[in-house]
Amino acid sequence: MKAKLQHMRQKISHRFNHQSLFAKYFSVFFIMVFICFLVLGMTLSLFVSNYWTAQKEHILKENAKTVAENSSHVLTSWLQEEPEGAILFVSNTLTTVSRAIDADVFICDTNGRVILCKELMTSEIEMRPNGACEIHNAYQIPQEVLEKVNDGGFCTRGKLGGVYEHSHLVAAEPLLAYGDIIGYVFAAEPVSLRFKDYIFDVVRMFIFASLLALSIGFVVIYVFTYNLVRPLNEMSKATKAYATGDFSPRVRVRGEDELAELMTAFNQMATALSIQESTRRSFVANVSHELKTPMTTIGGFIDGILDGTISPEQQNHYLEIVSNETKRLARLVTAMLNMSKIEAGELQLQLKDFDLTQEIFSTMLNFEQIIEKKNIRVEGLDALQPTMIRADKDMLHQVIYNLTDNAVKFTENGAIQVFVSQNAVETTVSIRNTGAGISSEELSRVFERFYKVDKSRSYDVKGAGLGLYICKTIIEMHGGTIWVRSAENEFTEFSFTIPKEIKPLEKKHK
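**Student:** Honestly, the packing of aromatic side chains in this entry has me stumped. Any pointers?
**Tutor:** Pairs of aromatic rings are described using the distance from one ring centre to the other and the angle between the two planes. Taken as a whole and judged by the stated rule, the model has 9 aromatic pairs. Considering the side-chain rings of Phe 106 and Tyr 139, the 5.9 Å spacing of their centres and the 65 degrees angle between planes classify their relative orientation as edge-to-face. One end of the pair, Phe 106, is in strand β1 (residues 104-108); the other, Tyr 139, is in the loop between β2 (114-117) and α4 (143-150), with 33 residues separating them in the sequence. An angle of 75 degrees between the planes, with centres 5.7 Å apart, marks the rings of Tyr 139 and Tyr 164 as edge-to-face. You can see Tyr 139 sitting in the loop between β2 and α4 and its partner Tyr 164 sitting in the loop between β3 (154-158) and β4 (168-177), a full 25 residues away along the chain. On the basis of relative accessibility, which here comes to 14%, the residue Tyr 139 falls in the buried class. Residue classification places Tyr 164 among the buried positions, given a relative accessible area of 8%. Each member of the aromatic cluster is reached from another via a ring pair, and the members are Phe 106, Tyr 139, Tyr 164 and Phe 186. In this structure, Arg 432 is placed above the aromatic ring of Phe 491, and the distance from its NZ or CZ to the ring centre is 3.8 Å.

Right, here's the structure in full:
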């Protein structure tokens, strides 16, 4: 038996777990409502049962008491002078009360034998010829029942000591005359049939009302559950589309509750994923191009030198090109490795004291040839003063190199200006170049990884869009800030600060 119950429980659990979310919510809600109505019905039945019993007991007890008092008065006053009239009056009272409360009301003597009842009266309000009732004549009330009545009456539920075949509600009162008990008044009403009829009427009304309420609740729960699950279904469909690379579907936001917040966040995530996917594809294309071009150049020139296509007089020129392309590959690989370290939280600060202006001078020397070739003026270097800071020298070199490289790339026959200032709190470095500038739409995105501002320009700028992202990360790891200002067709200026007291933020990137 236990194994069967366990198997049944597992089967129900399995079927429930494999239902749709809509079916689960709807089933649970409906079962809960049904159980609530079932408990309410049982509670109502119990309450009605107790109420019916209490009311009937009260009615029987009050009427038994009234009959006992009236009969006592009549028998005391009339029994000696008009005994027949007194008995007739009492019998008529029993008949009237019995019909009024739909109960069996009778009087027995002290031996438990019924002497007066409603059946002694004929329809002509006369005593029956034999003066006995065929029904009550067979009743014999047990002495233990009469002894309970002697204590002041009672009201109980039972068969009256075997007098009745079925359960009755019985109320009893002693009948007094001159202060002595001369008999007992009993009022009895069968429980089963009348109670069942009463309960049936109540339950029938309750079932009708419950079915109506359940029908309305069924519709409301269905609509509520459907509206609750529909956004989740839409999100599921959208997620499947995202898995195939289609980021266009969006979930319709309804209301302002927690589910609406979830849908809004979901749409924002989809937008972010779309941008990231677009950026990733652009990055892959850029990296593929950036790797392929120098490798093709390097391979072609080396093959030309090896097979003699390139004359010995030209070899140094082409070897210089190969060297530049090799350095370009190294920078690209270094940028990608640094990005991986940043995302893995492996890039750590190695703080030491050094002269920042000396680092700027040495970096500018790396660009001396291209600066002269593009006829660029470098301004501000002669005004720089030794500026000691405590930071990661190699990382800051990368920042200054990337910012200088950008300035050189986007300047033709113009000027690059360098500014360094220091106060008690921080050191600020600015590198400004003349040129096309950056549009206001692109200005807020220049520090995003893989984003290339130069994609719509005419310059043949080489890069994967990682330099400024790495610069921003390095400066923030030092606890500083980096920003950009630009005016189209006028200038672009990148600035960053390094605080005196550095609180590294490397854990932020883990």
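**Student:** Is there a simple way to explain the environment of Thr 95 in this structure?
**Tutor:** Within the secondary structure, Thr 95 sits in helix α3 (residues 83-101). Here Thr 95 falls in the buried class, since its relative accessible area comes to 9%. In this structure the C-alpha to C-alpha distance between Thr 95 and Glu 119, which are 24 residues apart in sequence, comes to 7.4 Å.

**Student:** Just to check I follow, could you spell out the environment of Gln 348 for this structure?
**Tutor:** Residue position: Gln 348 is located in the loop between α7 (312-344) and β6 (351-355). Owing to a relative accessible area of 33%, Gln 348 belongs among the partly exposed residues under this scheme. The spatial distance from the C-alpha of Gln 348 to the C-alpha of Met 477 is 8.6 Å, given a sequence separation of 129 residues.

**Student:** Explain the sheet that holds strand β12 (residues 491-499) here, please?
**Tutor:** Pairing between sheet strands relies on hydrogen bonds along the backbone, with the strands arranged either parallel or antiparallel. Ordered in space as β7-β9-β10-β12-β11, the 5 strands form an open sheet in which the pairing is mixed. Strands at the two margins of the open sheet, each flanked by one partner only, are β7 (377-379) and β11 (482-487). When the angles between neighbouring strand axes are averaged without regard to direction, this sheet yields 15 degrees. As judged from the 9 bridges shared by strand β10 (residues 426-434) and β12, these two strands associate in the antiparallel manner. Paired with Arg 432 across the bridge in β12 is Glu 493. Where helix α10 (residues 393-409) meets the sheet, it contacts β9 (415-422), β10 and β12, and its direction lies at approximately 170 degrees from that of β12. Against the sheet, helix α12 (residues 467-477) engages β11 and β12, with an angle of about 25 degrees to β12.

**Student:** Can you help me understand the pattern of salt bridges in this one?
**Tutor:** Any two side chains of opposite charge can pair, given that their charged atoms come close. Under the counting rule described, the total for this entry stands at 10 salt bridges. Residue Lys 472 pairs with Glu 476 through a salt bridge whose shortest N-O separation is 2.7 Å. One end of the pair is Lys 472 and the other is Glu 476, both in helix α12 and 4 residues apart, which spans about a single turn. Under the relative-accessibility criterion, Lys 472 is labelled partly exposed at 29%. Taken together, the shared-partner salt bridges connect Arg 432, Arg 485 and Glu 493 into one network.

**Student:** It is not clear to me how the sheet that holds β4 should be interpreted in this structure. Could you clarify?
**Tutor:** What the 5 strands build is an open sheet, ordered β2-β1-β5-β4-β3; its pairing is antiparallel. Strand pairing shows two members of the sheet lacking a second neighbour, β2 and β3, which therefore form its edges. Averaged over all adjacent pairs, the angle separating strand axes in this sheet is 30 degrees, with direction ignored. Of the pairings in the sheet, the one linking β1 to β2 comprises 3 bridges and is antiparallel in character. From the neighbouring strand, Phe 106 faces β2, where its bridge partner is Cys 117. Contacts from α3 reach β1, β2 and β5 (180-190) within the one sheet, and its direction differs from that of β1 by about 150 degrees. In the packing of α4 onto the sheet, the strands contacted are β1, β3, β4 and β5, and the crossing angle to β5 comes to about 110 degrees.

**Student:** I would appreciate a short explanation of the nonpolar core in the present structure.
**Tutor:** Side chains of nonpolar character tend, in soluble globular proteins, to be buried together. By size, the foremost hydrophobic cluster in this structure holds 42 residues, and its most contacted members are Val 105, Phe 106, Ile 141, Leu 160, Val 185 and Phe 186. When residues of this core are traced back to their parent elements, those giving at least two are α2 (21-78), α3, β1, β2, α4, β4 and β5. Among the elements that line this core, the one with the most residues is α2, at 7 residues. If we ignore the near neighbours within four places in the chain, the residues touching Val 185 are Ala 64, Val 67, Ala 68, Val 105, Phe 106, Ile 107, Ala 171, Ala 172, Glu 173 and Leu 175. Core analysis: the second largest hydrophobic core is formed by 41 residues, Leu 381, Ala 391, Leu 396 and Tyr 469 among them.

**Student:** Would you mind showing me how to read the packing of helix α8 (residues 356-366) against α10 here?
**Tutor:** Two measures define how a pair of helices packs: the angle their axes make with one another and the distance between the axes. For the pair α8 and α10, the least separation of the axes is 10 Å and the interaxial angle reads 50 degrees. In terms of their interaxial angle, α8 and α10 are classed as oblique. Crossing of α8 over α10 shows right-handed handedness. Touching Leu 356, Glu 359, Ile 360, Thr 363, Met 364 and Asn 366 of α8 are Lys 393, Leu 396, His 397, Ile 400, Tyr 401 and Thr 404, all from α10. Split by residue class, the contact of α8 with α10 holds 6 nonpolar, 4 polar and 2 charged.

Calculation notes
Residues numbered from 1 in each chain as written. Predicted model: local features only at pLDDT ≥ 70, side-chain atom pairs only at ≥ 80, totals over all residues. Heavy atoms only, no water. Phe/Tyr/Trp six-rings, centres within 6.5 Å; stacked < 30°, edge-to-face > 60°. Helix = DSSP H or I, 4+ residues; strand = E, 2+ residues; numbered from the N terminus. Buried < 20%, exposed > 50% of the residue type's maximum accessible area, 1.4 Å probe, protein only. Lys NZ or Arg CZ within 6 Å of the ring centre and 35° of its normal. Pairing = 2+ DSSP bridges. Axes fitted to C-alpha atoms, helices over the stretch in contact; angles between N-to-C directions. Contact = heavy atoms within 4.5 Å. Salt bridge = Lys/Arg side-chain N within 4 Å of Asp/Glu carboxyl O. Core = buried A, V, L, I, M, F, W, Y, C linked by side-chain atoms within 4.5 Å. Parallel < 35°, antiparallel > 145°, perpendicular 65-115°, else oblique. Left-handed = near helix turned anticlockwise from the far one by under 90°. Nonpolar A, V, L, I, M, F, W, Y, C, P; charged D, E, K, R; others polar.

Any functional reading would require information that these geometric values do not contain.
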